[in-house]
2 protein chains.
Amino acid sequence: MKITIEKQEFMEAINRAVKAVPTKTTMPIMECFLLEAYGNEIKLTANDFELGIETKICGMVLENGSVALNAKLLSDIIRKMPENSIYLETDGKWNTTLTCEKCVFHLNGQDAAAFTPIQIIAKDRAITLKQKTLKDMIKKTIFSVSKNDKSKLMTSINILINNDQCMRMTALDGHRIAIRYADISTPIKEKVNVNIPGKSMDEVGKLLSEDEEEEVILYLEDTHVLFQIGQTLVTSRLVDGDYYRVDQMISPDWSTKLTVERVALANAIDRAALFIRTEDKKPVKFDIRDAEVSIMGDSPFGSLKEEMDVKKEGKNMLIAFNPYYLLDCLKVIDDESIEWCMTNPKAPSYIRNDEAGYLYLILPVNIGK
Amino acid sequence: MKITIEKQEFMEAINRAVKAVPTKTTMPIMECFLLEAYGNEIKLTANDFELGIETKICGMVLENGSVALNAKLLSDIIRKMPENSIYLETDGKWNTTLTCEKCVFHLNGQDAAAFTPIQIIAKDRAITLKQKTLKDMIKKTIFSVSKNDKSKLMTSINILINNDQCMRMTALDGHRIAIRYADISTPIKEKVNVNIPGKSMDEVGKLLSEDEEEEVILYLEDTHVLFQIGQTLVTSRLVDGDYYRVDQMISPDWSTKLTVERVALANAIDRAALFIRTEDKKPVKFDIRDAEVSIMGDSPFGSLKEEMDVKKEGKNMLIAFNPYYLLDCLKVIDDESIEWCMTNPKAPSYIRNDEAGYLYLILPVNIGK
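Counting restarts for each chain, with residues numbered from 1 along the sequence as it is written. Here the convention is simple: chains get letters from A, ligands get numbers from 1, in the order in which they are written. Local features in this predicted model are restricted to residues whose pLDDT is 70 or higher, and side-chain atom pairs enter the listing and the counts only when it is 80 or higher, whereas totals over whole chains, interfaces and linings include all residues. The basis for every side-chain value is the complete set of non-hydrogen atoms in the structure, without hydrogens or water.

K.L.:
Can you walk me through the side chain of Asn-47 of chain B in this structure?
P.N.:
Residue and element names in this part refer to chain B. A helix here means a DSSP run of H or I that spans at least four residues, while a strand means a run of E at least two residues long, and both kinds are numbered starting from the N terminus. Here Asn-47 is to be found in strand β3 (residues 41-47). Polar contact is the term for a pair of N or O atoms within 3.5 Å; when the atoms are in protein, one must be able to donate a hydrogen and the other to accept it, and sequence-neighboring residues count only if both atoms are side-chain atoms. Among the polar contacts listed, one links the side chain of Asn-47 to the backbone oxygen of Thr-116, at a separation of 3.1 Å. Polar contacts involving the side chain of Asn-47 include one to the main-chain carbonyl oxygen of Pro-117, which spans 3.2 Å.

Here it is, written out as structure tokens:
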């Protein structure tokens, strides 16, 4: 293989693909990028079996070929190269030479045949939507994905398309549920209900553009999904199983509804959380009386009490929450003011806006009163 | 005690003093700030016995008093307060209330009498210099201070004033020496030769301003030094003992002198260092032949060889160095091109410019040839 690539192009491709390089593995071949040059195309691939990324690099192919190169070393080498054109050559024993100006790197490569390429996925079941829309949906649900590996299903994000153009994205961890709705670009006939690992969705989110015009296509198979993001393909294994029946958990009833300024509420909760060390699991209390809420946090070292003006409908209530669950969703809502509905101090509360396409359900913490 | 302080003023004072709060201690009182209000003055103090910082806060004293407050909690509370005026009140049992707008924090304080104030230092032996000058000297020597606690003297920075207006600052660790010279603002009669802990100098450096006009005064006693930096006082214990006789280690002789572009050399060394993991302690080799230097790094995984044009006087030489020692000093030199003198592959090399006031001595690594 003989190729020429501009340093900047090479670096950008590495940064896209590197997310699929496993951090811990005992197989040296898995720590590699696969670099392939055929015809006019140069491709860089990383694959940790759950997640695979293949991306095209703009460059010149002088001689076809392929090689597997240690991802960390290649990444460090390219980063430290002068800002200029890099010439890469591989001999029959996968010894690779990278030359840029007066500097010559030798890198021991491995046989490309030992590298597992990314899953090939048929392109017949396609969903198209704006990259910005998908990026936004991921960012605004992913924090609710369970960090606990015990239930694989809870570590995944569910994508549901029931009617022809509306996509629902759901993440939950047993204490809270995050749901976002958005429109896809072209209607589809078939119902879609798949669970994609949270880690894969996180990496996909980072690869998606903020650009209003760019689109992403999802191709679905029984066991895998493929995201086509410009010149980059991302494949991910799907998580098996029927996702939780979220609709059954959400009730439209409430006995107390607060309308409150979002940033002010988040700041007050953040202050009250100050005395709470995560291991304590002590909640922040909300004493809702008429048009005022007292927000309270306390510990052996000190306490906070803060009064906040709110618009209240329904009953007074004393209720407590894990402050971080509230802060997570308040941070990703764009509305200036939110509606927060509660039923009783032991039943789920929810912050929702159907027009804006979000619903966040949060379980209160029992304070035994 | 009853005082009023603007949030921003309070936060800035905390950020100045917090560096003297010990991170690990079994004595709760040492984790505290001392807050004192007398007459028109509000002072915040932290003291870990090696380093003490006392800083004034602009504010209003409504009632005199003092209290010791947990530094981490106070710092978190003030950071999260609204951007407004904070009212702080302490009762007879050191219970402290902080009020800002509608938010009220209670914090359990401790008796101020249990807090050890900073060392009182006589102000008769004074050295005055520009804050920017001292900041610069610290930044450009401190990386050579030994990280190994075995020799206390090596963990300190030596300040020497032999003639009346020139100050020399020295740091060394057994493999290298960093020396910087600069003028103090007003001549002094007495000779000065003190060793200040590297950690204290590091914190002093952070408190010093980049402003060309501001001055800092050092007051010296037998066991302590006091830095007066505007409204902030920093005291530090001195390290006992006669500092190393650095002059004897520096020889003006050389057999090879390279004149080389500093940034290009640093980039090439940085690339060659890529294959060197710190635990390997493998050096980067320099093959000096006529007007060219080959810079080489290698490992079982790969290697780099880079040619560089230089101006050379004297003999050809094959010599090897720890690349990080070279990079540390190349980073803090301002000159575009440097002069690097070597005697033989086992004797100290030095990069110096007497006019610019620096000398960096670096021992080569023996490659057994």
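Right, picking up where we left off after that structure.
K.L.:
Please explain unusual backbone geometry as it appears in this structure.
P.N.:
With the exception of glycine, the majority of residues adopt a negative phi angle, and the majority of peptide bonds are in the trans configuration. Residues and elements named next belong to chain A. The phi dihedral of Phe-49 falls on the positive side, at around 75°, and the residue is not glycine. Here Phe-49 shows up in the loop between β3 (41-47) and β4 (51-57). Phi is positive for Glu-101, which is not a glycine, with a value near 50°. Residue position: Glu-101 is located in the loop between β8 (95-100) and β9 (103-108). A residue is classified by how much of its surface remains accessible, and Glu-101, at 52% relative accessible area, is exposed. Only protein chains enter the accessibility calculation, which uses a 1.4 Å probe. A residue is then buried if its area is under 20% of the maximum for its type, exposed if over 50%, and partly exposed in between.

K.L.:
Where do I start with the side chain of Ser-200 of chain B in this structure?
P.N.:
In this structure, Ser-200 of chain B sits in helix α4 (residues 198-207). Only heavy atoms enter the contact rule, under which two residues are in contact if any of them lie within 4.5 Å. Those residues within four positions of Ser-200 of chain B in sequence are excluded, and the remaining contacts are Glu-50, Leu-51 and Ser-236 of chain B.

K.L.:
Just checking my understanding: could you explain the relation of the copies chain B and chain A for this structure?
P.N.:
Both copies of the chain are related by a screw-like operation: a rotation about an axis and a shift along it. What sets the superposition is a least-squares fit of C-alpha atoms, and only residues with pLDDT of at least 70 in both copies go into it. Here chain B sits on chain A after a turn of 180° about the axis and a move of 0.0 Å along it, with an RMSD of 0.0 Å. Expressed as a symmetry operation, the mapping of one chain copy onto the other fits a two-fold axis. Measuring from the rotation axis to each C-alpha of chain B, the shortest distance belongs to Thr-23 of chain B, at 16 Å. Both copies contact each other with a shared surface, as 100% of the interface residues of chain B are interface residues in chain A too.

K.L.:
So what exactly am I meant to see when it comes to the environment of Gln-228 of chain B here?
P.N.:
Residue and element names in this part refer to chain B. Inspection of the secondary structure assignment puts Gln-228 in strand β16 (residues 224-229). The exposure class assigned to Gln-228 is partly exposed, which follows from its relative accessible area of 24%. In sequence terms Gln-228 and Ser-349 are 121 residues apart; their C-alpha atoms lie 37 Å from each other. For Gln-228, the contacting residues outside a window of four places in its chain are Lys-123, Glu-215, Val-216, Ile-217, Tyr-219 and Leu-233. Side chain to side chain, Gln-228 and Lys-123 meet in a polar contact 3.2 Å long.

K.L.:
How should the layout of surface pockets be read in this particular structure?
P.N.:
Taking a probe equal in size to a water molecule and rolling it over the atoms shows the remaining empty space. Buriedness for pockets is judged along seven lines, at least five of which must meet protein on both sides within 12 Å for an open set on the 1 Å grid over protein atoms alone, while cavities are sets there where a 1.4 Å probe fits but cannot get out, and lining residues have an atom within 4 Å of a point. Grid points are joined across faces, edges and corners, and a volume is the space filled by probe spheres set on the points. If you add up the space inside the largest pocket, you get close to 630 Å³. Lining of the largest pocket is provided by 26 residues; of these, Asn-70, Ala-71, Lys-72, Leu-73 and Asp-76 of chain B occupy positions nearest its centre. Contributing elements (two or more residues each) for the lining of the largest pocket: α2 (71-80) and β9 (103-108) of chain B. Of all the elements, α2 of chain B adds the most residues to the lining of the largest pocket, at seven residues. In this structure, the second largest pocket spans a volume of roughly 470 Å³. What lines the second largest pocket is a set of 18 residues, and nearest its centre among them are Asp-173, His-175, Lys-281, Asn-322 and Tyr-325 of chain A. Sort the elements by how many residues they give to the lining of the second largest pocket and helix α7 (residues 323-332) of chain A lands first, with three residues. Looking at side-chain class alone, the lining of the second largest pocket contains eight nonpolar, five polar and five charged residues. As a working rule, the residues Ala, Val, Leu, Ile, Met, Phe, Trp, Tyr, Cys and Pro are called nonpolar, Asp, Glu, Lys and Arg charged, and the rest polar, with Gly in that last group.

K.L.:
Explanation requested: the pattern of salt bridges in the structure shown.
P.N.:
Two side chains of opposite charge can pair, provided their charged atoms sit close to one another. Salt bridges, as used here, are contacts in which a Lys or Arg side-chain nitrogen is within 4 Å of a carboxyl oxygen on Asp or Glu. Per the stated rule, a full pass over the model turns up 52 salt bridges over all chains. Asp-270 of chain B is the partner of Lys-80 of chain A in a salt bridge, and the nearest nitrogen-oxygen pair spans 3.0 Å. Residue Lys-80 of chain A is located in helix α2 (residues 71-80), and its partner Asp-270 of chain B is located in helix α6 (residues 262-272); the two belong to separate chains. A salt bridge links Arg-125 of chain B to Glu-190 of chain B; the shortest N-O distance between them is 3.3 Å. A residue pair is termed long-range when its members are at least 10 positions apart, and Arg-125 of chain B in the loop between β9 and β10 (126-130) and Glu-190 of chain B in the loop between β13 (176-183) and β14 (192-197) qualify at 65 residues. Here Arg-125 of chain B falls in the partly exposed class, since its relative accessible area comes to 24%. Its relative accessible area of 45% is what places Glu-190 of chain B among the partly exposed residues. One salt-bridge network, held together by shared partners, links Lys-72, Asp-76 and Arg-79 of chain A.

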